[in-house]
Structure formats: structure tokens, C-alpha cells
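Next come the chains, spelled out residue by residue.
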Amino acid sequence: MTALAPSPSGFRIVLLALATVAFAPDTATIAVAGELPAIASRQRAEKKSFTDGEIVDGFLKTAFGAEYHLAGRVDRIRKFDGPVRVFAESDRADRKAQLAKVVADIGKRVQHLDIAMIDSSEAANVRVKLVRDRDLFRTISSFYGAEKAREIRTSLDPQCLSGFRKNDNFEIEHSDVILTVDNGDFTFLDCAYEELLQSLGPINDTASVPWTMFNDNVSMGYFDVYDQYILNLLYDPRIKAGMTVAEVKAALPDVLTDVRIWVRRVNDLKE
């Protein structure tokens, strides 16, 4: 896909947040995130209790705006309005297996999101390209053009990235995710979760929320409770693509009540 080429009528290309994560080498390939010491230690120390204000603040800061965008307005809710099907392009079976676990985990923890892997690129609306680190800039150039790729590398120096195309109703029509495969398990999983989740809509990185993986200073490697709140708010049917901040704020109290019940249940959290 050439992201800067003219798109069909009513479409815009938005470049999602680009993760700049620390290199975290691992001694062996481990498919299950919970088995990685770097992830297990973060899960043990994870904050899981939040006030309504803390959750709403993070949601508004990530669901509106964009860390870096090429075109189109960023003051509306953007989300898929229908099933999300993910295709992975790679010759690395181990990384594809890890990615499949990430997708399944996201599907398990976001109540109203129908997301699954698929074997056909033609039927997918999220395409994940898995590349070697040395090929990252070349791949970005193939997606966004050489000039934009140089701008991205200069301003953000990403380890991985994602982008989406939306229609006039702010519904995401297609997302592209680029992940590197050769920087260790922690880095791969950290990138996979962040970029896949951001490709679903909460695109704006923020340094002011310390609990979200959408903060470039935070590395998780798994789907943390705080970000589960953000994604469950976004994909609640009452939060619709194209909503303004004012419209979302009016709907959030009722939505948050139901989301709290779901997140507590799926994570076996105490009241």
C-alpha cells in the first residue's frame, strides 16, 4: 500500500503512533508472554485500580488526536465498525504464532470487538508485515514513500509502526502494521500489542498518562488492565465512530459503569 497516494473518494490516510521501544534482548524464543521474566515482573507490579477520572483522562487523550498524522481530522472517534481480520505476512513461523496469541488475547479482553487472525490477505482489513530490523526503513518507504519515510525516521526513529485509512464517517477501513522480528521477544511483544491496539483507533501517544502503553516511556509487553479500559470504552457500541469529545463525554458515565464490570470479570479483579 502506498499511503501517500490519492485514496478513494472520502478516504484519508492517518499515520498512527510510532513506538520507540527500548531494545530488550532475550536468550531464547518464548511464545507465551507470561513466561518472559521482563513481562512477569511488570505484571506483578501492575497498577490495576483506577478512578473514573483516571480512566476517562487516558481514554480522551488517546482516542482523540494523533502523535503523527498525514491527513484528515483527528478530533473525532476513529474505530472499526465490524469484524477485524488480521493477516500476517512473514516467513517467521515463531513470530506469527506469537502474533496469533496477541490477537487472541485482545479478542478475549475487549468485549465488543470481533478480532481474529485470517490466512488470506485479500479478506483482511489489518495487515501485519513482519520484517527484519535492517529492512524497516525500506518497508516504511514502500508504504509511505521515501520522503515521508525520511521524515518519520528523523522525527520519531520508530522501532515499529502502524497506520490506518478511514472513511468520511471516521470508520477505519484498513490498517497496516509493521513489526520487526529480530530484536528479542520482549520488544516484539511490546510492539505487537501497542501497534495492533493503536491500529484499532486509540492512536495518540501521551506522555502524561503513566499507566498506558501508549506512552513512549512505558514498555509493557502484554495487554495491561488500564489499556483494557481504554479499548473496551472505545469498542462499546454506544461510542460511535465520528463522535466528538462532547458527545463522548456525555456517553461515558454509563459506558464506564458497564466496562468496569467486564474488565473486573475478565481479569478476576476484586471489587
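Higher on the page you've got the structure.
What this report covers is the structure whose coordinates are included nearby. Predicted model, so just to flag it, every value in this text is computed and none were measured.

Criteria and thresholds
Residues numbered from 1 in each chain as written. Predicted model: local features only at pLDDT ≥ 70, side-chain atom pairs only at ≥ 80, totals over all residues. Heavy atoms only, no water. Salt bridge = Lys/Arg side-chain N within 4 Å of Asp/Glu carboxyl O. Helix = DSSP H or I, 4+ residues; strand = E, 2+ residues; numbered from the N terminus. Buried < 20%, exposed > 50% of the residue type's maximum accessible area, 1.4 Å probe, protein only. Phe/Tyr/Trp six-rings, centres within 6.5 Å; stacked < 30°, edge-to-face > 60°. Lys NZ or Arg CZ within 6 Å of the ring centre and 35° of its normal.

A few words on the pattern of salt bridges. In this structure the tally under the stated criterion is ten salt bridges. Between Arg 95 and Asp 185 there is a salt bridge whose closest N-O contact spans 2.5 Å. Of this pair, Arg 95 sits in helix H3 (residues 93-109) while Asp 185 sits in helix H6 (residues 185-198), and the two are 90 residues apart along the sequence. Each of the two residues, Arg 95 as well as Asp 185, counts as buried. Note that Asp 105 and Arg 109 form a salt bridge whose closest N and O atoms lie 2.7 Å from each other. Of the two residues, Asp 105 and Arg 109 both sit in helix H3, four residues apart, roughly one turn of that helix. Of the two residues, Asp 105 and Arg 109, both sit in the buried class. Within this structure, Glu 89, Arg 127 and Lys 129 form a network of salt bridges that share partners.

Before going further, it helps to spend a moment on the packing of aromatic side chains. Taken as a whole and judged by the stated rule, the model has five aromatic pairs. Judged by centre distance (6.4 Å) and plane angle (35 degrees), the ring pair of Tyr 193 and Phe 223 falls under tilted. On the criterion of sequence distance, the pair formed by Tyr 193 in helix H6 and Phe 223 in the loop between H6 and helix H7 (225-234) is long-range, its members being 30 residues apart. Residue classification places Tyr 193 among the buried residues on the basis of a relative accessible area of 5%. Phe 223 gets classed as buried once you look at its relative accessible area, which sits at 3%. One residue, Lys 79, lies across the ring of Tyr 235, its end atom 5.0 Å from the ring centre.

So, to be careful, I would describe these as geometric facts and stop short of saying anything about function.
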